[in-house]
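Inside the fold
In case you want the letters, here they are:
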Amino acid sequence: MNLPTALSVFERVPELRHGVVRRNVRELVADKLASLIAAGMLQVGEALPSERDLAVALQVSRETVRGALQILAARDIIAISQGARTRVLSAEVGSLAIGAREPKLINSYDIEAIHAARLLVERPVVEEAARRIDDETLAMLDASLQTQREALDDPVRFLICDREFHAAIYRSCGNDLLADFVVDLYFYAMAHRRKAVSRPGAIAQSCHDHAAILAGLHARDPRAVVEAFGIHLDRIYASTRSILEEEAVLPHT
């Protein structure tokens, strides 16, 4: 796949290029949180991270997070209680503005198909990102990696940062449609991915992988970024497959 060619094809489709509805930051954060709930990263009945932790993970203000939570509460997706942690009420979040397909549709494919798709699409996307990424995004990724390292014992907080880290790189390729598609693939089996990163040392290993990716991006070295991403994707595949296999055996034991 020649990514610049793919980019030029999408640029010639005006209904795709101009069909994006501009949204304010609170609405975008609300959609991000809703997508995490729909994907199973944040589960029904579970308490959300604090406003402060969400603000740090998403690199927005606490006021923005508070506004996003109010949007979700108005849609009966979460419950905000005075003096208590905000909890997830429903995983039925409706149509999401972030991504192209709902997580449940992505989960209808098997892990082999998803991994093959990620290798096929994600590597050229991040290769192009290494050429196009700007200093502002690099600074955001540096801050994200630091936050990830502070969440070694907090899988949910880590995964929120992880999602932002990956999405920022994908969007640096310069094509929102391709970026949305790769974000959709990222969400595959997220409930199982959460279990995988809960294992001892898993988050530290992901941080190590992210540091290698980030070093390649800072160097504007497409080959190094593709190689680092390949290692990271293989590790995600292996750990997620391990969880899926364990759960497949569990009912028969």
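Now for a quick tour of the structure. (Residues numbered from 1 in each chain as written. Predicted model: local features only at pLDDT ≥ 70, side-chain atom pairs only at ≥ 80, totals over all residues. Heavy atoms only, no water.)

Taken as a whole and judged by the stated rule, the model has two cavities of 30 Å³ or more. Around the largest cavity, the lining comprises 15 residues; the ones closest to its centre are Arg-118, Tyr-188, Ile-236, Tyr-237 and Thr-240. Looking at the lining of the largest cavity, the elements with two or more residues in it are helix H7 (111–132), helix H9 (155–171), helix H10 (176–186), helix H11 (190–197) and helix H13 (222–249). (1 Å grid on protein atoms, 1.4 Å probe; cavity = no way out; pocket = protein on both sides within 12 Å on 5 of 7 lines; lining within 4 Å. Points joined across faces, edges and corners; volume = space filled by probe spheres on them. Helix = DSSP H or I, 4+ residues; strand = E, 2+ residues; numbered from the N terminus.)

Before going further, it helps to spend a moment on the environment of Ser-50. As for its position among the elements, Ser-50 is in the loop between helix H3 (25–38) and helix H4 (51–58). Expressed as a C-alpha distance, the spacing of Ser-50 and Arg-85, which sit 35 residues apart in the sequence, is 7.6 Å.

Of the volumes computed, that of the second largest pocket is approximately 250 Å³. Residue lining of the second largest pocket: 13 residues in total, with Glu-51, Leu-69, Ile-80, Ala-84 and Thr-86 positioned closest to the centre. Here the element with the most residues in the lining of the second largest pocket is helix H5 (residues 62–74); it accounts for three residues. Among the residues forming the lining of the second largest pocket, the class breakdown is five nonpolar, five polar and three charged. (Nonpolar A, V, L, I, M, F, W, Y, C, P; charged D, E, K, R; others polar.)

We now examine the packing of aromatic side chains. Summed over the entire model, instances satisfying the criterion amount to two aromatic pairs. Arranged with centres 6.3 Å apart and planes meeting at 45°, the rings of Tyr-170 and Phe-229 form a pair that is tilted. Here the residue Tyr-170 occupies a position in helix H9, and Phe-229 occupies one in helix H13, the gap between them amounting to 59 residues. Like Phe-229, Tyr-170 is buried. Between Tyr-186 and Phe-187, the ring centres sit 5.7 Å apart and the planes meet at 70°, which makes this aromatic pair edge-to-face. Overall, the relative accessible area of 5% leaves Tyr-186 in the buried class. (Phe/Tyr/Trp six-rings, centres within 6.5 Å; stacked < 30°, edge-to-face > 60°. Buried < 20%, exposed > 50% of the residue type's maximum accessible area, 1.4 Å probe, protein only.)

Take H9 next. Helix length check: H9 (17 residues) gives 24 Å between terminal C-alpha atoms against 24 Å at 1.5 Å per residue, within 8%. H9 sits mainly inside the fold: 16 of its 17 residues count as buried. (Expected span 1.5 Å × (residues − 1).)

For the coordinates displayed, the defined rule picks out 17 salt bridges. Taking the shortest distance from any N to any O, the salt bridge between Arg-131 and Glu-127 comes out at 3.0 Å. Residue Arg-131 and its partner Glu-127 are located together in helix H7, separated by four residues, close to a single helical turn. By relative accessible area, Arg-131 is classed as partly exposed at 48%. For Glu-247, the salt bridge is made with Lys-195, and the minimal N-O distance between the two is 2.2 Å. Of this pair, Glu-247 sits in helix H13 while Lys-195 is found in helix H11, placing the two residues 52 residues apart along the sequence. Among the residues examined, Glu-247 registers a relative accessible area of 28% and is labelled partly exposed. One network of salt bridges, in which partners are shared, links Glu-127, Glu-128, Arg-131 and Arg-132. (Salt bridge = Lys/Arg side-chain N within 4 Å of Asp/Glu carboxyl O.)

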